[in-house]
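# Structure assessment
Below, each chain spelled out in residue letters.
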Amino acid sequence: MTRADRIAALHAVARERILVLDGAWGVMIQRQALSEAEFRGARFADHPVQMKGNNDILCLTRADIVADLHDQYFAAGADISETNTFSATTIAQEDYKLDEQSVWDLNLEGAKLARAAADRWTAKEPHKPRFVAGAIGPTNRMLSMSSDVNDPGARSVTFDGVYDAYRHQVRALHEGGVDLYLIETITDTLNCKAAIKAILDLADEGLEPLPIWISGTIVDRSGRTLSGQTAEAFWHSVRHARPFAVGFNCALGGELMRPFIAELARVADTLVAAYPNAGLPNAMGEYDEQPHQTAHFIEEWARSGLVNIVGGCCGTTPEHIRHVAEKVAGVTPRVIPERPTAMRLSGLEAFELVA
């Protein structure tokens, strides 16, 4: 099956049923209790800084673990699995002193591992094709907020620098065989815009266009992203990309995320996706919400016609995804609304002027 065939199949399946994304990677990797030497592998045995905690590096040093996690999530019922590349930009990997070639290899091999797993499962179950989302995280630096509390105008990065980092990542993910891009856990919409521009520019330059899925993060009950936007304002800021899907993930559990997913479901004329944490973390930073509890919240969203794609974020496991997949099976996906023609603008709030 060619990539064009897979993308056509993705659009077709999304019209028929609610799609299921995989769950958390961090919690599953932590369960492996890997040593510093295992993170390093032979390639980084003499690397000058600690590598433990750099989960993305496992694409190069413990590919067996990454491949197995893809298999676990596909076996649990996921239609889409993310590449293990959430922090695989040159900016984020500066913390580990990785050079551009190593970061390129992280993305390329991460995409190839996911691609191989998806192809295995599609061959095994042709009635349920599997897809690969290239995971593009927010980086650890923000364009919209100051890096110095004493200087509101201070920035640790430039737009061009963030754009270049995303462009580098996107090219490698594309070469590795992803079916779509997932710009996720967006705390700063300007960072997201840099990623969008990198993707669209490469398509304009001849790289095969791929669907774009954009997933922001509402940080607390205020209903805003970290850079201050409401759900509707966030949508107005990114709708020019004509994304395959838009939604929210992380930060909040299913119970608290619902009103913001409902708001996106009302205003977005594309697929709406949601993958919450397994509740809020406890005092130890761990997640206590059980698989049936997470699935209960997501099932209610599905039966209320709010979502087209669901999955899990921090604290969720293959068992969470198994329960979610079972609960949304057979539920009609959200109907995409036809919005009236209007001028839609956004700052921190949304503005709409209907003709």
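Residues numbered from 1 in each chain as written. Predicted model: local features only at pLDDT ≥ 70, side-chain atom pairs only at ≥ 80, totals over all residues. Heavy atoms only, no water.

### Section: unusual backbone geometry
At Ala33, a position not held by glycine, the phi torsion is positive, near 50°. Note that Ala33 resides in the loop between helix H2 (26-30) and helix H3 (36-40). Phi angles above zero are rare outside glycine, and Thr139 is one such case at about 65°. Note on placement: Thr139 falls in the loop between strand E3 (131-136) and helix H7 (159-176). (Helix = DSSP H or I, 4+ residues; strand = E, 2+ residues; numbered from the N terminus.)

### Brief notes about the layout of surface pockets
Estimates place the volume of the largest pocket at around 670 Å³. Along the wall of the largest pocket there are 33 residues; nearest its centre are Ala24, Trp25, Gly26, Val27 and Cys314. Taken together, the elements giving at least two residues each to the lining of the largest pocket come down to H2, strand E4 (180-186) and strand E6 (245-253). Looking at the lining of the largest pocket residue by residue, the class counts come to 12 nonpolar, 15 polar and 6 charged. Of the volumes computed, that of the second largest pocket is approximately 200 Å³. The wall of the second largest pocket is formed by 13 residues, among which Phe86, Ser87, Ala92, Gln93 and Tyr96 lie closest to the centre. A class-by-class count of the residues in the lining of the second largest pocket yields 4 nonpolar, 7 polar and 2 charged. (1 Å grid on protein atoms, 1.4 Å probe; cavity = no way out; pocket = protein on both sides within 12 Å on 5 of 7 lines; lining within 4 Å. Points joined across faces, edges and corners; volume = space filled by probe spheres on them. Nonpolar A, V, L, I, M, F, W, Y, C, P; charged D, E, K, R; others polar.)

### Points about a nonpolar patch on the surface
A cluster of nonpolar side chains, Met343, Leu345, Phe351 and Leu353, forms an exposed patch at the surface whose accessible area comes to about 370 Å². Structurally, the position occupied by Phe351 is in strand E10 (residues 350-354). You can call Phe351 partly exposed: its relative accessible area is 41%. (Patch = residues over 30% accessible without salt bridge, like charges linked within 9 Å, V, L, I, M, F, W, Y side chains within 5 Å. Areas by Shrake-Rupley, 256 points an atom, 1.4 Å probe, with all protein chains shown as cover. Salt bridge = Lys/Arg side-chain N within 4 Å of Asp/Glu carboxyl O. Buried < 20%, exposed > 50% of the residue type's maximum accessible area, 1.4 Å probe, protein only.)

### A word on H7
If you check H7, its first and last C-alpha atoms are 26 Å apart, about what 18 residues at 1.5 Å a residue would give, namely 26 Å. Residues Val162, Tyr163, Ala165, Tyr166, His168, Gln169, Val170, Ala172, Leu173, His174 and Gly176 constitute the buried set of H7. Considering only its buried residues, H7 is in contact with helix H1 (3-16), helix H6 (100-124), E3, E4 and helix H8 (189-204). Downstream of H7 by a residue or two, Gly177 has a phi angle that is positive, lying close to 105°. (Expected span 1.5 Å × (residues − 1). Contact = heavy atoms within 4.5 Å.)

### Considerations on the packing of helix H9 (residues 231-238) against helix H10 (residues 254-267)
With their axes 9 Å apart at the nearest point, H9 and H10 run at an angle of 45° to one another. Accordingly, the angle class assigned to the pair H9 and H10 is oblique. Helix-helix and strand crossings are classified by hand; for H9 and H10 the assignment is right-handed. Between H9, through Ala231, Glu232 and Trp235, and H10, the contact on the second element is made entirely by Phe260, Glu263, Leu264, Arg266 and Val267. When grouped by side-chain class, the residues that make up the contact of H9 with H10 number 5 nonpolar, no polar and 3 charged. (Axes fitted to C-alpha atoms, helices over the stretch in contact; angles between N-to-C directions. Parallel < 35°, antiparallel > 145°, perpendicular 65-115°, else oblique. Left-handed = near helix turned anticlockwise from the far one by under 90°.)

### Observations concerning a negative patch on the surface
On the surface, a cluster of negative charge is contributed by Asp99, Glu100, Asp160 and Asp164. Within the fold, Glu100 resides in helix H6. Overall, the relative accessible area of 54% leaves Glu100 in the exposed class. (Lys, Arg positive; Asp, Glu negative; His and termini not counted. Charge placed at Lys NZ, Arg CZ, Asp CG, Glu CD.)

### Side note on empty space enclosed by the protein
Scanning the entire structure with this criterion turns up 1 cavity of 30 Å³ or more. Lining the largest cavity, in full, are Gly137, Pro138, Tyr166, Ile183, Glu184, Ile186, Thr187, Asp188, Asn191 and Cys192. When residues of the lining of the largest cavity are traced back to their parent elements, those giving at least two are E4 and H8. With 3 residues, the top contributor of residues to the lining of the largest cavity is E4.

### Looking at H9
Of all 8 residues in H9, 8 are buried; the element is thus mostly enclosed. Among the residues of H9, Ala231, Glu232, Ala233, Phe234, Trp235, His236, Ser237 and Val238 are the ones counted as buried.

### Describing the packing of aromatic side chains
One pass over the full model with this rule turns up 2 aromatic pairs. Centroid distance Trp213 to Tyr275: 5.9 Å. Interplanar angle 75°. Geometry classified as edge-to-face. Of this pair, Trp213 sits in strand E5 (residues 212-216) while Tyr275 sits in strand E7 (residues 271-277); the two residues are 62 residues apart in sequence, bridging distant segments of the chain. Looking at Trp213, the relative accessible area reads 0%, which means it is buried. Its relative accessible area of 1% is what places Tyr275 among the buried residues. Residues Phe234 and Phe248 carry aromatic rings whose centres are separated by 5.8 Å and whose planes lie at 35° to one another, so their mutual orientation is tilted. On the criterion of sequence distance, the pair formed by Phe234 in helix H9 and Phe248 in strand E6 is long-range, its members being 14 residues apart. For the residue pair Phe234 and Phe248, the accessibility class agrees, reading buried in each case. The ring of Trp121 has Lys124 lying over it, and the distance from NZ or CZ to the ring centre is 3.9 Å. (Phe/Tyr/Trp six-rings, centres within 6.5 Å; stacked < 30°, edge-to-face > 60°. Lys NZ or Arg CZ within 6 Å of the ring centre and 35° of its normal.)

From the geometry alone we can't say anything about function, so treat these as descriptive.
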